[in-house]
Amino acid sequence: MSTDSTQLLQPFALHDLPLRNRIAMAPMTRARSGADRIPNTLMAEYYAQRASAGLIITEATVVSEQGIGWQDSPGIYTDAMVEGWKLVTEAIHAKGGTVFLQLWHCGRASHSSFHDGELPVAPSAIKLNGDYIHTPKGKEDYETPRALETDEIPGIIADYRRAAERAKDAGFDGIEVHSANGYLLDEFLQSKTNQRSDQYGGSTENRFRLLSEIVTAVTEVFPANRVAVRLSPNGAFNDMGSPDYREQFTYAAAQLDRYGLAYLHVMDGLGFGFHELGEAMTLSDFREVFSGPLMGNCGYDQASAETAITDGHADMIAIGRPYISNPDLVERFAAGAALNPESDMADWYTPAGAEGYTDFPTMEKDAPQG
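Residues numbered from 1 in each chain as written. Predicted model: local features only at pLDDT ≥ 70, side-chain atom pairs only at ≥ 80, totals over all residues. Heavy atoms only, no water.

Visitor: Could you give an account of the packing of helix α1 (residues 41–49) against helix α2 (residues 79–94), naming the residues involved and the relevant values?
Guide: As a packed pair, α1 and α2 sit with axes 8 Å apart at the nearest point and diverge in direction by 25 degrees. One finds that α1 runs roughly parallel with respect to α2. Of the two possible hands of crossing, α1 and α2 adopt the one that is right-handed. Contact residues: α1 offers T41, M43, A44, Y47 and A48, while α2 offers W85, L87, V88, A91 and I92. (Axes fitted to C-alpha atoms, helices over the stretch in contact; angles between N-to-C directions. Helix = DSSP H or I, 4+ residues; strand = E, 2+ residues; numbered from the N terminus. Parallel < 35°, antiparallel > 145°, perpendicular 65-115°, else oblique. Left-handed = near helix turned anticlockwise from the far one by under 90°. Contact = heavy atoms within 4.5 Å.)

Next up, the structure:
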């Protein structure tokens, strides 16, 4: 497919950021940071290989030790982590790419094994109904989390603000606040997991309060047009799904629209499971209440991404799993070339280094040598 015939591959102005195309590399945990959670040269190579994306959104990155819930995932709460991330941002920028850091707190989707025996925290003491969690001690059952005290919440907001400051120091072009997929901020948004009786629960407005206060805090570090938020209105991942999801997510999007954000990243696809509590929310639903750039995600291929852009439902599309095995995904889309076979799921989160991470062939490497 020629780039002349596709809007997906045309340059796009994300506010003051000129992007090469409308494709975002979706955030994907790859667990290559090691036990110290410090980004490294291998990660810099991985992201630089994929720098032809219009925008790279990094893998979810914990804002504090309390936020940890995944083996060998990176952090952004120490000076050493900042220096590690500088390797990544410099490598991407050297290839002409643009990159946002995704800020993360796992909430109840964690385990005491990550926290020296202390329970993970959540809005309410409601256990995640799942098979098991991978911990430093191996597979373990989920635990009933500890409900955060009201006076602890300002500390979490401060953690996000400090993470934004460190992201800026590390050279990121912007940040994305992860408020999706059953992690802490999504847990606060949803009535299934938030049964608080203070100002952070009990109503649609109160359940949105923590996300609002965090967005306010980080937009004092980055301008609002360099801050994004990710939502998952339809998802069942991490045992989510609330009966009032339409009311809650419509309200959240309308309130977020007031900030003038870089974009709203909506998991509109059903690839992470659908809670089936009503009709799935679509990008069109969010267009009605959010006037800024919209990014769709989950299960898109080139054709469906192009349709979403052409029909005006989305301004950008984030693509995840195909990027694992196709570092030159944009170039393959532009050339109408076949994609590499899907990667082996066993390699997605392995600490085995380059294998299944930076060793996938590009079209240039595939081409016959004459």
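So much for the structure itself; the text now carries on.
Visitor: Which residues make up the packing of aromatic side chains, and what are the values?
Guide: In the structure shown here, the tally under the stated rule is 7 aromatic pairs. Ring centres of Y46 and Y357 lie 4.2 Å apart, and the angle between their planes is 10 degrees; this geometry places the pair in the stacked category. Highlighted residues: Y46 in helix α1 and Y357 in the loop between α10 (329–335) and α11 (363–366), separated in sequence by 311 residues. According to the relative accessible area criterion, Y357 is buried, its value standing at 0%. Their ring planes at 50 degrees and their centres at 6.4 Å tell us that W70 and W104 sit as a pair that is tilted. Here the residue W70 occupies a position in the loop between β5 (61–62) and α2, and W104 occupies one in strand β6 (residues 99–104), the gap between them amounting to 34 residues. Given the relative accessible area of 1%, W104 is considered buried. (Phe/Tyr/Trp six-rings, centres within 6.5 Å; stacked < 30°, edge-to-face > 60°. Buried < 20%, exposed > 50% of the residue type's maximum accessible area, 1.4 Å probe, protein only.)

Visitor: Kindly report on α2, identifying the contributing residues and their values.
Guide: With 16 residues, α2 ought to run about 22 Å at 1.5 Å a step, and its terminal C-alpha atoms sit 22 Å apart, in line with that. Where α2 is concerned, the buried positions are M81, V82, G84, W85, V88, T89, A91 and I92. The secondary structure elements touched by the buried residues of α2 are α1, β4 (55–57), β5, β6 and α3 (153–169). Just downstream of α2 lies G96, where phi reads positive at about 80 degrees. (Expected span 1.5 Å × (residues − 1).)

Visitor: With reference to specific residues and values, describe the environment of T362.
Guide: Relative to the helices and strands, T362 is located in the loop between α10 and α11. When the C-alpha atoms of T362 and H93 are compared, they prove to be 20 Å apart, with 269 residues separating the residues in sequence. What T362 contacts, discounting residues up to four positions off in sequence, is P327, D328 and R332.

Visitor: Help me get a handle on the pairing of strand β15 (residues 316–319), residues and values and all.
Guide: What you see with β15 is no split at all: M316 and A318 on one side and I317 and I319 on the other are buried throughout. In this structure, strand β3 (residues 23–25) lies alongside β15, joined through 3 bridges in parallel fashion. Paired with A24 across the strands is A318, a residue of β15. The sheet contact formed by strand β14 (residues 294–297) and β15 spans 3 bridges and is parallel. Along β15, the bridge assignment pairs G296 with I317. (Pairing = 2+ DSSP bridges.)

Visitor: I'd love a proper account of the nonpolar core, names of residues and values included.
Guide: Counting residues in each nonpolar core, the largest one holds 81 residues, and the members touching the most others are L211, L256 and L264. Ranked by size, the runner-up nonpolar core spans 15 residues in total, among them L55, I57, A262 and M295. (Core = buried A, V, L, I, M, F, W, Y, C linked by side-chain atoms within 4.5 Å.)

Visitor: Break down the side chain of R108 for me, citing the residues and quoting the values.
Guide: For R108, the position within the fold is in the loop between β6 and β7 (121–122). Only 3.1 Å separates the side chain of R108 from the backbone oxygen of D239, close enough to count as a polar contact. (Polar contact = N/O pair within 3.5 Å; in protein donor to acceptor, adjacent residues only side chain to side chain.)

Visitor: Could you give an account of helix α6 (residues 245–256), with specific residues and numbers?
Guide: Between its first and last C-alpha atoms α6 spans 16 Å; for 12 residues at 1.5 Å apiece the expected length is 16 Å, and the two agree. Buried within α6 we find Y245, Q248, F249, A252, A253, Q255 and L256. Down the axis of α6, the sector holding all buried residues measures 165 degrees, keeping them to one side. Where α6 is buried, its residues meet α4 (184–189), α5 (204–218), β12 (227–231), β13 (263–267) and α7 (283–287). (Arc of directions from axis to C-beta.)

Visitor: Break down unusual backbone geometry for me, citing the residues and quoting the values.
Guide: A positive phi angle, near 60 degrees, is found at H15, a position not held by glycine. Its location among the elements puts H15 in the loop between β1 (12–14) and β2 (17–19). Phi is positive for A31, which is not a glycine, with a value near 55 degrees. Along the chain, A31 turns up in the loop between β3 and α1.

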